[in-house]
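Understanding the architecture of this molecule
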Amino acid sequence: MIKVMLADDEDLVRSGLRMILSSAGDIEVVAECDDGLLVADLARQHRPHVVLLDVRMRSADGLVALRRLRTLPEPPRVAMLTTFDVDEYVSEALRLGASGFLLKDTEPEQLVKAVRDLSRGGAVLDPGVAARVLAAVADGERAAEPARRLLTSLSEREREVLTLIGQGMSNAEIGGALHLSEATVKGYVSSVLGKIGAVNRVQAALVAYRGGLIA
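To start, this report covers the structure provided alongside it. Here the structure is a predicted model, which means the values were calculated and not measured. (Residues numbered from 1 in each chain as written. Predicted model: local features only at pLDDT ≥ 70, side-chain atom pairs only at ≥ 80, totals over all residues. Heavy atoms only, no water.)

**Points about the nonpolar core**
The tendency in soluble globular proteins is for nonpolar side chains to be buried side by side. Ranked by size, the top nonpolar core spans 27 residues in total, and within it V39, L53, L66, L69 and M80 carry the most contacts. Secondary-structure elements contributing two or more residues to this core are β1 (2-7), β2 (27-33), α2 (39-46), β3 (50-54), α3 (62-70), β4 (77-82), α4 (89-95) and α11 (201-210). At four residues, the largest contribution of residues to this core is made by α3. Mapping this core onto the domain boundaries places at least three of its residues in each of domain 1 (2-135) and domain 2 (141-211). In this structure, V39 is in contact with M5, A7, C33, L53, M57, A65 and L69, ignoring residues within four places of it in sequence. (Core = buried A, V, L, I, M, F, W, Y, C linked by side-chain atoms within 4.5 Å. Buried < 20%, exposed > 50% of the residue type's maximum accessible area, 1.4 Å probe, protein only. Helix = DSSP H or I, 4+ residues; strand = E, 2+ residues; numbered from the N terminus. Domains from an automatic or database assignment. Contact = heavy atoms within 4.5 Å.)

**Looking at unusual backbone geometry**
The backbone phi angle of R47 is positive, close to 50°, even though this residue is not glycine. As for its placement among the helices and strands, R47 is situated in the loop between α2 and β3. Even without being glycine, H179 reaches a positive phi, approximately 60°. Using a relative accessible area of 73% as the deciding quantity, one classes H179 as exposed.

**Section: the environment of T184**
Structurally, T184 can be placed in helix α10 (residues 182-196). For T184 and N171, which are 13 residues apart along the polypeptide, the C-alpha to C-alpha distance reads 9.2 Å. Polar side-chain contacts of T184 include one of 2.8 Å to the side chain of S181. (Polar contact = N/O pair within 3.5 Å; in protein donor to acceptor, adjacent residues only side chain to side chain.)

Distances and angles like these do not, on their own, reveal function.
Below you can see the structure in the form of structure tokens.
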């Protein structure tokens, strides 16, 4: 079973997420929290594989909670929950190692898929928020020189893959778009992450944005 913790200060949001995730046979919501200061302690107690963490919470925001989660001996994968109003916290969340960003009204099947991907070590970037997330962290540097230099190490095919990562596509979706097998795409993704020094797909998407691959 994939153990999930929900951290959001809105009861209705947590209730909706719990209902969706509990309907999946392989996912169990093991803890819920409405206070940013309590997130790490509950995670230490319940040891979830995945934490869905609201960017803004009472007592302490999601960044404080994320910092504390990252200090645990076996930190869970963390996806930040946000709205279309992506804010200034996004850049710091990326730096701290957030594994993705999800809209609070993500479609049920996409939410379940995202949790499964996170539990397997993947990263998720909801297509509905991808452009706003990347724009929020670009700090006005539309095509930053460091990102451009990183892109020069990529082959043409790897640049295509990185562009689609930046658009929030999964490996299967990238394979469909480029007429490649999912296994082949996985190899390209690993190569791209290694060459540009990205920890996960979200950081890779940021390089794509700053390097000018995404309009």
